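Overview (structure and organization)
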Amino acid sequence: MKLTQLETNVLQIFYDTSMDCCGECTEDQNMSYNNVRDIKQELNHTWFLDLTEQQVGGVFTSLVKKGLIADLEESPRGLDINDFFLGDAFFEQGIASNWEIEQENKEEVASEWNEK
């Protein structure tokens, strides 16, 4: 599966959120809840991008189509915007297990996933 650099960055944020929340990112322990606003803020802060919510929403649409994230259709955090979480394809295609192993060199991870 081919991923853009921006898609990889967004997935990294979801993954890191779950790791920060519960120390794991597995099908059983997947607390990767984020929404468009969360991701926009993190992308703009961490990667110094200047993206709009609409642009981030476009990335979400692509990742939803690929099954890599899914819409909760609500916000367990009580927000006025839906939260999303890492989808089944993220785990079924081995992305999650490889992601943790290769965290130390994020550029290599991004390059490897773009080749697939």
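Whatever comes next refers back to the structure up there.
What you see is a predicted model, and the numbers here were worked out from it, not measured in a lab.

Reading the values: rules and limits
Residues numbered from 1 in each chain as written. Predicted model: local features only at pLDDT ≥ 70, side-chain atom pairs only at ≥ 80, totals over all residues. Heavy atoms only, no water. Patch = residues over 30% accessible without salt bridge, like charges linked within 9 Å, V, L, I, M, F, W, Y side chains within 5 Å. Areas by Shrake-Rupley, 256 points an atom, 1.4 Å probe, with all protein chains shown as cover. Salt bridge = Lys/Arg side-chain N within 4 Å of Asp/Glu carboxyl O. Lys, Arg positive; Asp, Glu negative; His and termini not counted. Charge placed at Lys NZ, Arg CZ, Asp CG, Glu CD. Helix = DSSP H or I, 4+ residues; strand = E, 2+ residues; numbered from the N terminus. Core = buried A, V, L, I, M, F, W, Y, C linked by side-chain atoms within 4.5 Å. Buried < 20%, exposed > 50% of the residue type's maximum accessible area, 1.4 Å probe, protein only. Contact = heavy atoms within 4.5 Å.

Details of a negative patch on the surface
Among the surface-exposed residues, Glu 24, Glu 27, Asp 28, Asp 88 and Glu 92 lie close enough to one another that they form a single negatively charged patch. Positionally, Asp 88 belongs in helix 4 (residues 88-92).

Side note on the nonpolar core
Counting 25 residues, the largest nonpolar core has Phe 60 and Phe 90 as the members making the most contacts within it. If you tally residues by element for this core, the top one is helix 1 (residues 5-22), at 5 residues. Sequence-distant contacts of Phe 60, that is, excluding residues within four places in its chain, are made with Val 10, Phe 14, Asn 35, Val 36, Ile 39, Ile 69 and Phe 84.

With respect to the side chain of Asn 9
Its place among the elements puts Asn 9 in helix 1. By relative accessible area, which is 8% here, Asn 9 ends up buried. In contact with Asn 9, not counting residues within four places along its chain, are Leu 43 and Trp 47.

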